[in-house]
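# Structure assessment
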Amino acid sequence: MKFLYPEFLWAFLVLLIPILIHLFNFKRYKTLYFSSLSFVKEVDQRTKSTQRLKHYLVLISRLLIFIFLVFAFAQPFFPTSNTDTTSKKNVMAFYIDNSFSMQARGAEGELLSQARENVREIIEKAPLDAQFLIGTNEMSGSEEHLLSKIEALEKLDKISLSPIIRSVDEVLKWQTERLSDDDILLEGTNVQYVYISDFQRSNGFANGVYQAEHISFYPIKLSPENRDNLYIDSIWYSSPVHKLNAQNELNIRIANMGDTDLENVEVVVAIGEFKKNIFVNLPAKQTTNTQLSYMDKTVGLQSGMVRVIDKEVLFDDSFYLSYEVRADVKVLALNGEDAVDNIAAVYGVDDFYLYDEIALTAVTKDHFHSKDLVIINGVNELSQGVIDYLLEFSKTGGSIALFPGKNPTTSNWNNLLGQLKLPLLGQAVGSGNKISSINYDDPFYTGVFETRATNLNLPSVSRVYQALSGSNSLGTDLIQLQNGLPLLSYSKTTSSAYMFYSSLHSDYGSFTQNALFSTVLLRMGELSQRTQPNFVIIGDDTRYPIYSEIGSDQPLHIVNDGIDLIPQISSLSGVNYISLNLIDQSLNLTAGNYDIVLDETIGSISLNYNRRESNLEAMDESEIIASFEDSGISNISFNEIGKGSDVSIIDIDKPFSYWKICIILTLIFVLIEMALVRYLK
């Protein structure tokens, strides 16, 4: 026999109480005077043995009451297995999928609540000496420890929905490795693993192979009553530029995962002071793009959300966004020996551009600080120091526009162009250099031209350089010449880099006198604004740039209603980046618009939940079993709740417990003791 709570056996000391009571008779006797004692003596002799028997029977019944009561609290049991009980150990592991798809409603309410109750039922029926490992999508160190039955039930009550998404492979790898540890996998250990989830197809297997011969697997699938879901899939702007009193073109992608076409679905848009309700028709099982335009009336931070009205899964109904309407753009020109004045003249006509220029030979790293666009103006020789400055500036989100001089040193220029992923400089070409076409379809020209004119009187240049595409070139042509060569190309990596494959010097033509030159320069300036992402997905490894200066002794806070979080900060070339991809940070975050605060608000960041689980399509039984088997798992017993199955059919190898019998025996001996005292005279 073993006891679940052997510490209660100390309560056997209470047996001394009835024994002491019966050993010492504390009853006071009263003297009665009779004329004759002959008959009293006869009665005393006749009842003495009966009285002694009554005392013994009452003592025994009271002792048995206390014995079985102590046993009931200690909970005795006999292991059913014939194995050595000193090495036998029952371990039950659970994975409870607590991602947002478990927010869907099943036959008995929310799927996560149903999962908790199913696991609770299994735990309560588990062996008295069983230990439990309960895992969720958190996968933290706190979920790596074995728990008692009471601890497991307490842990179960604390499980709530989480924005973290895990694939089946991630979960199996993490928990099977833990279940194979030496402190769990002892001789004779019986390991049972219950994997309870809705088994979404988007979180399926990647066919990893796991060593789990010692584990019995019980995948349990929870199915929602309705797999329809309506949600905002994503948003984006046609142009990243946000200027005061300029049109913003917002694109919204809405998904209808239901089987029914929906008409006039209400979508609420609220961004800054702009608020509008639009109505959209949504075909079944499709995504639909819609678009609306509005203007920002004030400069500064703008934040808001787009929300669709839905009655099913709710976590993906709102999509949050933010951006900044800039009051200016900072432009720096580095002038070489063939620099032209036309660049300064173009940017000087608009106060929106804060223009500064300096000789290339006098430039230092500090000159790049807080600039949005750096222009190389008429430079022939690029030193390695300047190249390093430009590359570092580009990595931090700064844009670069390159206008070489009349005789550029090819080797140095190609060193820079190759690292900016632009076509390299080749031989000079002196014919066919009239501009033939403009790449109107490129986003660079979005909103620039009202119509696509085909009969424009476009200028020409007298000499251009061949653009040689390398293996890593990402160049896109913006202006092409009649000979097929590009005049202006750009590449887009962390930031934009533009290359003019000729010179702006008057010896090379009159391009600077044409309106196209001013248009291109101003557009470069607009697009060079150091914009931040409109949103960040919680849990993704995204670095969000902060262009304000942050002192080493200044903690930066991400603040929203009731949430105040200090994120990780890294720095590159004077630009600080915050990261929110740590598990503990993700658990504390909810979707919404947050302020970025030092001593005061310096920015905003919008957080959204991942939409990977918005499509509620799930794997069926055959797919789940086949995927487990492909992963090297053979001992499988599959159940699907909601189709008449019951988790109680899981075959739990548990000993028979006797505490209930002990309680019944306690009550029986209480009644016997009462009967003895009352009726035995």
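Rules used throughout
Residues numbered from 1 in each chain as written. Predicted model: local features only at pLDDT ≥ 70, side-chain atom pairs only at ≥ 80, totals over all residues. Heavy atoms only, no water. Helix = DSSP H or I, 4+ residues; strand = E, 2+ residues; numbered from the N terminus. Buried < 20%, exposed > 50% of the residue type's maximum accessible area, 1.4 Å probe, protein only. Contact = heavy atoms within 4.5 Å. Phe/Tyr/Trp six-rings, centres within 6.5 Å; stacked < 30°, edge-to-face > 60°. Lys NZ or Arg CZ within 6 Å of the ring centre and 35° of its normal. Arc of directions from axis to C-beta. Pairing = 2+ DSSP bridges. Axes fitted to C-alpha atoms, helices over the stretch in contact; angles between N-to-C directions. pLDDT = per-residue confidence, 0-100. Salt bridge = Lys/Arg side-chain N within 4 Å of Asp/Glu carboxyl O. Core = buried A, V, L, I, M, F, W, Y, C linked by side-chain atoms within 4.5 Å. Parallel < 35°, antiparallel > 145°, perpendicular 65-115°, else oblique. Left-handed = near helix turned anticlockwise from the far one by under 90°. Nonpolar A, V, L, I, M, F, W, Y, C, P; charged D, E, K, R; others polar.

The subject of this paragraph is the overall build of the chain. A tally of regular secondary structure across the chain gives 12 helices and 35 strands. Expressed as a percentage of the 681 residues in the chain, the buried residues total 48%. In the chain, once contacts between residues fewer than 6 apart in sequence are set aside, the share between residues at least 24 apart is 74%.

Turning our attention to the packing of aromatic side chains. All told, the structure shown has 26 aromatic pairs when counted by the stated rule. Ring centres 5.8 Å apart and planes at 5 degrees place the aromatic pair phenylalanine 68 and phenylalanine 669 in the stacked group. You can see phenylalanine 68 sitting in helix α2 (residues 38-74) and its partner phenylalanine 669 sitting in helix α12 (residues 659-679), a full 601 residues away along the chain. Three or more aromatic residues link up through ring pairs in this structure, and these residues are Tyr95, Tyr193, Tyr195, Phe199, Phe217 and Phe628. Note that arginine 543 overlies the ring of tyrosine 577, its terminal NZ or CZ placed 4.3 Å from the centroid.

So, on to helix α11 (residues 621-630). Considered for burial, the residues of α11 that qualify are Ile624, Ser627 and Phe628. The buried residues of α11 occupy an angular sector of 100 degrees when projected down its axis, which confines them to one face. Glycine 632 lies just past α11 and shows a positive phi near 85 degrees.

Looking now at the environment of isoleucine 400. Its location among the elements puts isoleucine 400 in strand β19 (residues 399-404). For isoleucine 400, a relative accessible area of 1% corresponds to the buried category. Sequence separation of isoleucine 400 and tyrosine 498 is 98 residues, and the distance between their C-alpha atoms is 6.2 Å. Isoleucine 400 has contacts with Leu373, Val374, Leu390, Phe393, Ser394, Leu420, Ser496, Ala497 and Tyr498, leaving out every residue within four places of it along the chain.

What the 3 strands build is an open sheet, ordered β27-β31-β30; its pairing is antiparallel. Of all the strands in the sheet, just β27 (543-546) and β30 (568-572) have a single pairing partner and so form its edges. Sheet twist, expressed as the average angle between the axes of neighbouring strands with direction ignored, equals 35 degrees. In the sheet, β30 pairs with strand β31 (residues 575-579) via 5 bridges, with the strands oriented antiparallel.

Let us now look at unusual backbone geometry. Its identity is not glycine, yet asparagine 245 carries a phi of approximately 60 degrees, on the positive side. Its location among the elements puts asparagine 245 in the loop between β9 (230-237) and β10 (247-256). Among the residues examined, asparagine 245 registers a relative accessible area of 44% and is labelled partly exposed. Phi angles above zero are rare outside glycine, and asparagine 264 is one such case at about 55 degrees. Its location among the elements puts asparagine 264 in strand β11 (residues 262-271).

Right, let's get into the confidence of the model for the chain. In the predicted model, the chain carries a mean pLDDT of 84, and the fraction of residues at 70 or more is 87%. Per-element mean pLDDT across the chain ranges from 60 in strand β35 (residues 656-657) up to 96 in β19. Segment residues 80-87: pLDDT under 50, and 10 contacts once partners within four positions in sequence are set aside and those in other chains are kept.

Further remarks concern helix α4 (residues 149-157). Of all the residues in α4, the buried ones are Lys149, Ala152, Lys155 and Leu156. Down the axis, α4 shows its buried residues gathered within 120 degrees of arc, on one side only.

This next bit is on the pattern of salt bridges. Overall, the coordinates contain 15 salt bridges when judged by the stated rule. Glutamate 121 is the partner of lysine 125 in a salt bridge, and the nearest nitrogen-oxygen pair spans 3.3 Å. Classification of lysine 125 as partly exposed rests on a relative accessible area of 34%. Each of Glu117, Arg120 and Asp157 takes part in salt bridges that share partners, so that together they form one network.

With that settled, consider the nonpolar core. By size, the foremost hydrophobic cluster in this structure holds 49 residues, and its most contacted members are Phe94 and Ile605. In terms of residue count, helix α3 (residues 111-124) provides more of this core than any other element does, 6 residues in total. Ignoring any residue separated from it by four or fewer positions in sequence, one finds phenylalanine 94 in contact with Val119, Ile122, Ile123, Phe132, Leu133, Ile134, Gly135, Gln175, Tyr193 and Val194.

The N-to-C vectors of helix α7 (residues 384-395) and helix α8 (residues 410-419) enclose an angle of 15 degrees; their axes lie 11 Å apart at closest approach. Between α7 and α8, the interaxial angle falls into the category roughly parallel. Crossing handedness for the pair α7 and α8: right-handed. Residue-level contacts link Gln384, Ile387, Leu390 and Leu391 of α7 to Asn412, Asn415, Leu416 and Gln419 of α8. Within the contact of α7 with α8, the residues separate by chemical class into 4 nonpolar, 4 polar and no charged.

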